Amino acid sequence: MESNNFSFLNELNEAQRKAVEHTEGPSMILAGAGSGKTRVLTYRIALLMKKGVDPFNILALTFTNKAAREMKSRIARIVGESEAKALWMGTFHSVFSRILRFESELIGYPKNFTIYDSDDSKSLLREIIKSMNLDDKVYKPSFILSRISSAKNNLISPRQYMSNTLAIEEDKLARIPLFGQIFITYQKRLFKASAMDFDDLLFNTNLLLRDHPKVLFKYQEKFRYILVDEYQDTNFSQYVIIRQLAAAFLNICVVGDDAQSIYAFRGANIQNILNFEKDYPELVTFKLEQNYRSTKNIVEAANQVINNNKDQFKKSVWTQNDSGEKITVIRASTDNEEGQKVAAAIFQYKNHERLLNSAFAVLYRTNAQSRSIEEALRKMNIPYRIYGGLSFYQRKEIKDLMAYFRLVINSNDDESLRRIINYPARGIGQSTLDKLSVAAGDNEISIFTAIENVKDFNLGINAGTRARLTDFVTMIRSFQQQLIQKDAYEVAHSIASASGLLKDLHSDKTPEGVSRYENIMELLNGIKDFSENSRSPQDEELKSQEVTPPSAEPEDLFDLEVKDFRKLRTLDEFMMDVALLTDADEKEDSQGDKVVLMTIHAAKGLEFPFVFIVGMEENLFPSQLSLQSRTELEEERRLFYVAITRAEKKATLSYALVRYRFGKITHCEPSRFLDELSNDFVEFIDTAPQRRFTDDAFDSTRDNWSRPSSSGINFKGRKNGGDSQSVFSQLNIQRSNKLVPVNSSQSISRALNLDETEMRKIVTGVTVQHEKFGNGKVVNVEGNFPDTKATVLFENGGQKMLLLKFARLKVID
DNA sequence: AGCCCCGGTGAAGTC
DNA sequence: CACCGGGGCT
């Protein structure tokens, strides 16, 4: 309901109200768990709009798309639907990918660039590692990717990386001396494929804003008010983006809680909060410390836990709520028994207090832990829903169909091409693909382009296969024609059937096959919905600046069609939305009343009356991988803090003495975090263990919580201050003073082909230079312009046949 | 070219 | 235990 007064402000306490009303200039809101942070952000934005600020001039960055949606609908209740819709609100990745769609040509990327997810990135890395004849057990794709990701999130380009002696040294010590080379090749290949990985979306936004002052100015003018939620979880790259955008008006408000920083592993940097104070001397800081969510027992227990961390801002979260029940700790002999006890407890609570299933959440450290909980809940007929794990968009059949979409939208997308060129089977096998890959690599073109020019390469591909390749190209081309004429659903449906994918899945009558077919149908239905809905105001705004429609070749369209096209919701628009969706974003309806199971990370920002935190064991929570350094252990502790503070009425912890891990029985010790809770807030339910395993599975001579809290003491004595200083964290300090010079290897314009005159200079006998293979002598030239090709004998011994329109050969005398 | 089986290896968390 | 990739067989 729209109201014209400011009465909504009366719903705030004094601290909240002050934070809301201070709308001008830089501000930071340190908000303890459950202190009404979302309410403050919501009302602050509503107040801005009530004061007459145009929603198009407000940028609000949230941690998940879901958080953005929820906040938007809350704002809509105060200021009205259409006003709220016009707000720029979303995750960093979604907001800036949207902007890059419209500006990417300035940094050398076409507008239809593809976003690679981490599976795509890993398989690209696997290829690169293989082609360099390296061992993928030493150069593990996932590890390489995380290191590349760290570099990019700290705005270190491949070239900068290579000139960083510290980084190179680190790689040698880690026995991956060729990492830098892989990084360079990876980035080059992404660029060639017109693809960006997740980190590139931020990295390239930084490039764009750094190298194009006009663009920076435009968005500075546009985003006069900037708000950032979960600021403690932003990384350096994100920090620089918002600092740049806010530089003109300085209306920047960040909201966060250092105690809830749980994403350092992906580059989030608490340092950003400290930097913030330095960057804006006139900064006003607000603290929200009253917790409205939880009982006293929960709040105080959480405070007690977090006080074991050295690195933290002093903050005292308190509550006026009742003391409530103590936190219960359940001990189980096995992971299965843990599941049974948790399920039984839920069952009891439900019946005694007539509660909905949705009042309960079970939180765990790792997704693998869900299995035993699921089994137990199923046995007791308690409905549940799992967040996370394999999301809809990660399923094979969905990825297959979407690979078609991606290839049609961007034919340079080699990862997608590899995925579907022979699915459904069409007689184009591995050896053909290998040959094409080599030709594409040598000529620095995409595989699709190599196929289109296959007659120009002597690849030893027989006529039959060549015909099949031509058919494939023709098919993709015909889909591309539809892309600019039809709406998303029509194109998607046409691709699904004409490619043979639908038929292939339909013929599979196994239950799995049927389910795959249904998933495809669900995707198509989703696209149908999308086609029928109108475009977002944000995209309308950006599109209105455009002169020509994207990806449409003007000569293909009459004026009338161009007009229609502007209204159509196209498949490339759909794909742009989808690339950044996560499981947490799945639609909320049709869920019914269910117990919720999820990782603690996924639970951030949520609250439930009853929370079960399972797997409270050493090496699991805290994870064994975190035991190397104090900072990592402290992050685990913050994670525990987040977990406890999700509970409104009651928190229950549990641990098992024996657990299956990697298919083997593992003995576990109760988590050190349990020692950190005093008996004032916690009660231990010590059920006698059921002796199904050998006696040493549970040390009955020792009372688990009176265990000398050696872990903490030992730990501090052992490792205090000895955190591994990675090259990135060191560099970060240097860099925070001024804008990082980001290398522009990416902004070199796309392949500059030789013109005819230059090509004619390349004749048998001349010496030429190739940027990758070095110098060589031309031993043969054949074919007619523009398909002239030269055979070159390189000094390194290799002989290559190169298409001159692709290979940038330089004649040297 | 495709299928199947074997063995090795791995699971922390996410946009 | 579950998945993936490689190799071998058809």
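Residues numbered from 1 in each chain as written. Chains lettered and ligands numbered in written order. Predicted model: local features only at pLDDT ≥ 70, side-chain atom pairs only at ≥ 80, totals over all residues. Heavy atoms only, no water.

Asker: Explain the overall build of chain A here, please?
Answerer: A count of helical and extended segments in chain A gives 34 helices and 23 strands. For chain A, the proportion of contacts with a sequence separation of at least 24, taken over those separated by at least 6, is 77%. In the form shown here, chain A has an accessible surface area of approximately 35700 Å², with 51% of it arising from carbon and sulfur atoms. (Helix = DSSP H or I, 4+ residues; strand = E, 2+ residues; numbered from the N terminus. Contact = heavy atoms within 4.5 Å. Areas by Shrake-Rupley, 256 points an atom, 1.4 Å probe, with all protein chains shown as cover.)

Asker: Explain the protein's contact with DNA strand C to me, please; I cannot follow it from the model alone.
Answerer: Close to DNA strand C lie Arg126, Phe662 and Gly663. Looking at DNA strand C alone, sugar and phosphate atoms form 25% of those within 4 Å of the protein. Between DNA strand C and the protein, one listed contact pairs a phosphate oxygen with a side-chain N or O atom of arginine 126 at 3.4 Å. (Near = heavy atom within 4 Å. Polar contact = N/O pair within 3.5 Å; in protein donor to acceptor, adjacent residues only side chain to side chain.)

Asker: In this structure, what is going on with the nonpolar core? I would like to understand it.
Answerer: In a soluble, globular protein the nonpolar side chains are often hidden away together inside. Leu59, Phe96, Val228, Leu245 and Ile252 are the most contacted members of the largest nonpolar core, which has 68 residues in total. Sorting elements by how many residues they give to this core places helix H13 (residues 236–246) first, with seven residues. Contacts of leucine 59, omitting those with residues within four sequence positions, involve Trp88, Val95, Phe96, Phe223, Tyr225, Ile226, Leu227 and Leu245. Formed by 54 residues, the second largest nonpolar core is a distinct cluster that contains Ala403, Ile445, Phe457 and Met575. (Core = buried A, V, L, I, M, F, W, Y, C linked by side-chain atoms within 4.5 Å. Buried < 20%, exposed > 50% of the residue type's maximum accessible area, 1.4 Å probe, protein only.)

Asker: So what exactly am I meant to see when it comes to helix H15 (residues 296–306) here?
Answerer: The periodicity of an α-helix, 3.6 residues per turn, causes residues three or four places apart in sequence to face the same way. Of all eleven residues that make up H15, eight are buried, and the element is covered over most of its length. Taken together, the buried positions of H15 are Asn297, Ile298, Val299, Ala301, Ala302, Asn303, Val305 and Ile306.

Asker: Would you mind going over the packing of helix H6 (residues 118–131) against helix H10 (residues 179–192) with me for this structure?
Answerer: Any two packed helices are characterised by the angle at which their axes cross and by the distance between the axes. One way to put it is that H6 packs onto H10 with a least axis distance of 10 Å and a crossing angle of 125°. Accordingly, the angle class assigned to the pair H6 and H10 is oblique. Note that H6 runs across H10; the crossing there is right-handed. From H6, Ser121, Leu124, Leu125, Glu127, Ile128 and Ile129 reach across to H10, where they touch Ile182, Thr185, Tyr186, Arg189 and Leu190. (Axes fitted to C-alpha atoms, helices over the stretch in contact; angles between N-to-C directions. Parallel < 35°, antiparallel > 145°, perpendicular 65-115°, else oblique. Left-handed = near helix turned anticlockwise from the far one by under 90°.)

Asker: Looking at this model, I keep getting lost on the sheet that holds strand S1 (residues 27–31). Mind explaining?
Answerer: Strand pairing in a sheet relies on backbone hydrogen bonds, with the paired strands running either antiparallel or parallel. In space, the six strands of this open sheet follow the order S3-S2-S6-S7-S1-S8, with parallel pairing throughout. The sheet is open, and its two borders are formed by strand S3 (88–91) and strand S8 (284–288), each paired with just one other strand. The average undirected angle you get between the axes of adjacent strands in this sheet is 15°. Across three bridges, strand S6 (residues 225–228) lies against strand S7 (residues 252–256) in parallel orientation. Looking across to S7, one finds that valine 228 is bridged to valine 254. (Pairing = 2+ DSSP bridges.)

Asker: Help me out: how do you make sense of the pairing of S6 in this one?
Answerer: In summary, the side chains of a regular strand alternate between the two faces of the sheet. Burial of S6 is two-sided: the residues Tyr225 and Leu227 facing one way and the residues Ile226 and Val228 facing the other way are all buried. Viewed along the sheet, the connection from S6 through H13 into S7 turns out right-handed. (Right-handed = clockwise from strand over helix to strand, strands pointing away.)

Asker: Is there a simple way to think about helix H5 (residues 92–103) in this case?
Answerer: Helix length check: H5, at twelve residues, gives a terminal C-alpha distance of 16 Å against a target of 16 Å (1.5 Å per residue), a fit within 8%. Of all twelve residues making up H5, eleven are buried, and the element is well covered by its neighbours. (Expected span 1.5 Å × (residues − 1).)

Asker: I would appreciate a short explanation of the environment of aspartate 487 in the present structure.
Answerer: When you line up the elements, aspartate 487 lands in the loop between helix H22 (463–483) and helix H23 (488–498). Considering only alpha carbons, one finds aspartate 487 and lysine 528, 41 residues apart in sequence, at a separation of 9.0 Å. Sequence-distant contacts of aspartate 487, defined by excluding residues within four places in its chain, comprise Ser531, Leu568 and Arg569. One polar contact links the side chain of aspartate 487 to the main-chain amide nitrogen of tyrosine 489, over a distance of 3.0 Å.

Asker: Sorry, what's going on with the pattern of salt bridges here?
Answerer: When their charged atoms lie close together, side chains carrying opposite charge are able to pair. Enumeration according to the criterion identifies 43 salt bridges in this entry. Glutamate 676 is the partner of arginine 637 in a salt bridge, and the nearest nitrogen-oxygen pair spans 2.7 Å. Of this pair, arginine 637 sits in helix H30 (residues 630–644) while glutamate 676 sits in the loop between helix H31 (672–675) and strand S18 (682–685), and the two are 39 residues apart along the sequence. Through salt bridges with shared partners, a single ionic network connects Lys37, Asp229, Glu230, Asp233 and Lys604. (Salt bridge = Lys/Arg side-chain N within 4 Å of Asp/Glu carboxyl O.)

Asker: Even after reading the chapter, I still don't get empty space enclosed by the protein, so can you show me in this structure?
Answerer: Rolled over the atoms, a probe as big as a water molecule pinpoints where empty space is left. According to the stated counting rule, one finds five cavities of 30 Å³ or more in the structure shown. Its boundaries defined by the atoms lining it, the largest cavity holds a volume of some 40 Å³. As for the largest cavity, its lining consists of Asn443, Glu444, His770, Glu771, Phe806, Ala807 and Arg808. Its residues placed into classes, the lining of the largest cavity shows two nonpolar, two polar and three charged. (1 Å grid on protein atoms, 1.4 Å probe; cavity = no way out; pocket = protein on both sides within 12 Å on 5 of 7 lines; lining within 4 Å. Points joined across faces, edges and corners; volume = space filled by probe spheres on them. Nonpolar A, V, L, I, M, F, W, Y, C, P; charged D, E, K, R; others polar.)

Asker: Help me out: how do you make sense of the side chain of asparagine 443 in this one?
Answerer: By secondary structure assignment, the location of asparagine 443 is in helix H20 (residues 430–443). On the basis of relative accessibility, which here comes to 1%, the residue asparagine 443 falls in the buried class. Those residues in contact with asparagine 443, other than ones at most four positions away along the chain, are Phe457, Met801, Leu802, Leu803, Phe806 and Ala807.

Asker: Just checking my understanding: could you explain the pairing of strand S15 (residues 608–613) for this structure?
Answerer: In terms of burial, S15 is largely enclosed, as six of its six residues are buried. Pairing geometry for strand S12 (residues 360–364) and S15, over four bridges, is parallel. Residue pairing in the sheet places alanine 361 in a bridge with valine 611 of S15. Pairing of S15 with strand S16 (residues 647–661) involves five bridges; the strand directions are parallel. Bridging from a neighbouring strand, phenylalanine 610 pairs with lysine 650 of S16.

Asker: Even after reading the chapter, I still don't get the sheet that holds strand S23 (residues 810–812), so can you show me in this structure?
Answerer: The sheet built from five strands is open, its strands ordered S22-S21-S20-S19-S23 with antiparallel pairing. Edge strands, defined here as strands with exactly one partner in the open sheet, are strand S22 (799–803) and S23. Sheet twist, expressed as the mean angle between neighbouring strand axes with direction ignored, is 45°. With five bridges connecting them, strand S21 (residues 789–794) and S22 associate as antiparallel partners. When the sheet's bridge partners are listed, valine 792 is paired in S22 with lysine 800. Packing of H20 onto the sheet brings it into contact with strand S19 (767–770) and S22, and relative to S22 it is tilted by some 75°.

Asker: When you look at unusual backbone geometry in this model, what are you seeing that I'm missing?
Answerer: For residues other than glycine, phi is negative in most cases, and the peptide bonds are mostly trans. Residue proline 424 follows tyrosine 423 across a cis peptide bond; omega there is -5°. With respect to the element layout, proline 424 can be found in the loop between helix H19 (414–420) and H20. In this chain, phenylalanine 621 is followed by proline 622 through a cis amide linkage whose omega measures 5°. Topologically, proline 622 is positioned in the loop between S15 and H30. Its identity as a non-glycine residue notwithstanding, asparagine 133 has a phi of 55°, on the positive side. Following the sequence through the fold, asparagine 133 ends up in the loop between H6 and helix H7 (141–153). You can call asparagine 133 exposed: its relative accessible area is 70%.

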